[in-house]
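In case you want the letters, here they are:
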Amino acid sequence: MKTHPSFLILFLSIVLCAGCASSCRTVCGDLSDQFEPNDTLEQATALEFGTPIDAGSHYGNIDFYKTSVEQPATLTFRVDSRDVDATNSLLEVRGPAGELIYTDVCPSGQLGCAPTLPASKTKIRNDEDTIVGYEIVVSAEDTGDYSIAIQASGSDHSCKFSWEYTVTVTHE
């Protein structure tokens, strides 16, 4: 029986990524970071104001971060790519009651609902006009935890859909 090469790649990806919540070794290398597991809001890594965190994501692994707001402020979540570009990313910000403040993917599963949400995303470009990061500015009127979810997008289980990034939150 002849095995199709695509099946072997898929099989190896599944075997090598078993238990990705804590560590993921793939043909792309080790895609885990020191903050795993942070794959749910309950496991979210705390973000301190002005302190950047270097991390990584891969398709199927959502990383959660949160910051506590004790008085009304304007928050700026900044996600900078440490890879070539930041176009293979999905971002989502939620408020203290779990309300959706910004998302790249609408609840219906389609792109494009961001204009109806309270926050928007600004692209950060380098001199070659490549998108290298994003800023999401949030009016944090309520106290409590605000969270950002970060995920590499794509679906072919290749290195193209892994992403190394730096996330920072600041407030005014």
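A. Focus on the overall build of the protein chain. Along the backbone of the protein chain there are one helix and 12 strands. Along the protein chain, helices (α) and strands (β) appear in the sequence α-β-β-β-β-β-β-β-β-β-β-β-β when read from the amino end. Relative to all contacts within the protein chain whose residues are 6 or more apart in sequence, the contacts with residues 24 or more apart total 64%. For the protein chain, the accessible surface area stands at approximately 9700 Å², while carbon and sulfur atoms represent 53% of it.

B. Layout of the confidence of the model for the protein chain. Of the residues in the protein chain, 68% reach a pLDDT of 70 or more, and the chain-wide mean stands at 78. Contacts of residues 3-27 to residues separated by more than four positions or lying in other chains number 24 contacts, the stretch itself having pLDDT below 50.

C. Local environment of the nonpolar core. Ranked by internal contacts, the top residues of the largest apolar core, which has 27 residues, are Tyr65, Phe77, Val138, Ile148, Ile150 and Val167. Of all the elements in the fold, those that place two or more residues in this core are β4 (53-58), β5 (63-69), β6 (73-81), β7 (89-94), β8 (100-103), β10 (131-140), β11 (144-152) and β12 (162-171). Among the elements that line this core, the one with the most residues is β10, at five residues. Beyond its immediate sequence surroundings of up to four residues, Val138 is in contact with Ala73, Thr74, Leu75, Phe77, Val93, Ile101, Ala119 and Tyr146.

What counts as what
Residues numbered from 1 in each chain as written. Predicted model: local features only at pLDDT ≥ 70, side-chain atom pairs only at ≥ 80, totals over all residues. Heavy atoms only, no water. Helix = DSSP H or I, 4+ residues; strand = E, 2+ residues; numbered from the N terminus. Contact = heavy atoms within 4.5 Å. Areas by Shrake-Rupley, 256 points an atom, 1.4 Å probe, with all protein chains shown as cover. pLDDT = per-residue confidence, 0-100. Core = buried A, V, L, I, M, F, W, Y, C linked by side-chain atoms within 4.5 Å. Buried < 20%, exposed > 50% of the residue type's maximum accessible area, 1.4 Å probe, protein only.

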